[in-house]
Amino acid sequence: VNASEYDINSFDKFYGFICGLVAGNYDITDIFVDSVLKFCGDNMADFEACIKAIEKAAPNVNIVMTASYDAANAPEGIKAYLM
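Bear in mind that the values here come from a model prediction, so they are computed numbers and not experimental data. (Residues numbered from 1 in each chain as written. Predicted model: local features only at pLDDT ≥ 70, side-chain atom pairs only at ≥ 80, totals over all residues. Heavy atoms only, no water.)

**Student:** Help me understand unusual backbone geometry, please; the structure alone is not making it clear to me.
**Tutor:** Across the chain, the bulk of peptide bonds are trans and the bulk of non-glycine residues have phi less than zero. In this model, Asp7 sits at a positive phi of 55°, which is unusual for a non-glycine residue. Here Asp7 lies in the segment before α1 (11-24). Backbone geometry at Ser35 places phi at a positive 60°, although glycine is not the residue there. Following the sequence through the fold, Ser35 ends up in the loop between β1 (30-33) and α2 (36-40). (Helix = DSSP H or I, 4+ residues; strand = E, 2+ residues; numbered from the N terminus.)

Here it is, written out as structure tokens:
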């Protein structure tokens, strides 16, 4: 899915989109997101809040996101998710 086709340009919209995917497709097991910071912005506090909200909304879905960001500067709450 191309995020730009759905006007996803913030973490709030991204969260809503993920919730919609999961709600509409109960059998989703994996979601892969490429370059999340490119279309949602690089506000790390918002990113961390989004990750935590998605975890609550979709606890049984494995979500893998890529992002270009200096891991040394990532907040502690995000470092737990880094690979």
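Now, onward.
**Student:** I keep staring at the layout of surface pockets and nothing clicks. Help me out?
**Tutor:** Gaps left between atoms are located by rolling a probe of water-molecule size over the structure's atoms. Here the largest pocket is characterised by a volume of approximately 550 Å³. Phe47, Ile51, Met65, Tyr81 and Leu82 are, among the 21 residues lining the largest pocket, the residues nearest its centre. Elements that contribute at least two residues to the lining of the largest pocket include exactly α3 (44-57) and β2 (62-65). Here the lining of the largest pocket takes five residues from α3, the largest share from any one element. Class assignment of the residues belonging to the lining of the largest pocket gives a composition of 17 nonpolar, two polar and two charged. Of the pockets and cavities examined, the second largest pocket occupies roughly 190 Å³. (1 Å grid on protein atoms, 1.4 Å probe; cavity = no way out; pocket = protein on both sides within 12 Å on 5 of 7 lines; lining within 4 Å. Points joined across faces, edges and corners; volume = space filled by probe spheres on them. Nonpolar A, V, L, I, M, F, W, Y, C, P; charged D, E, K, R; others polar.)

**Student:** Which parts of the structure should I look at to understand the pattern of salt bridges?
**Tutor:** When the charged atoms of two side chains with opposite charge come close together, those side chains can pair. Using the criterion set out here, one finds three salt bridges in the structure. With its nearest N and O atoms 3.5 Å apart, the salt bridge here joins Lys52 to Glu48. Pair noted here: Lys52 and Glu48 are both in helix α3, with a separation of four residues, about one helical turn. Look at Lys52 and you get partly exposed, because its relative accessible area is 40%. (Salt bridge = Lys/Arg side-chain N within 4 Å of Asp/Glu carboxyl O. Buried < 20%, exposed > 50% of the residue type's maximum accessible area, 1.4 Å probe, protein only.)

**Student:** Please clarify how the nonpolar core should be interpreted in this entry.
**Tutor:** Note that soluble globular proteins tend to have their nonpolar side chains buried in a common cluster. Core analysis: the largest hydrophobic core is formed by 21 residues, its most contacted members being Phe11, Phe14, Val36, Phe39 and Phe47. Those elements that place two or more of their residues in this core are α1, β1, α2 and α3. In terms of residue count, the dominant contributor to this core is α3 (five residues). Non-local contacts of Phe47, meaning those with residues more than four positions away in its chain, are made with Phe11, Val36, Leu37, Met65 and Ile78. (Core = buried A, V, L, I, M, F, W, Y, C linked by side-chain atoms within 4.5 Å. Contact = heavy atoms within 4.5 Å.)

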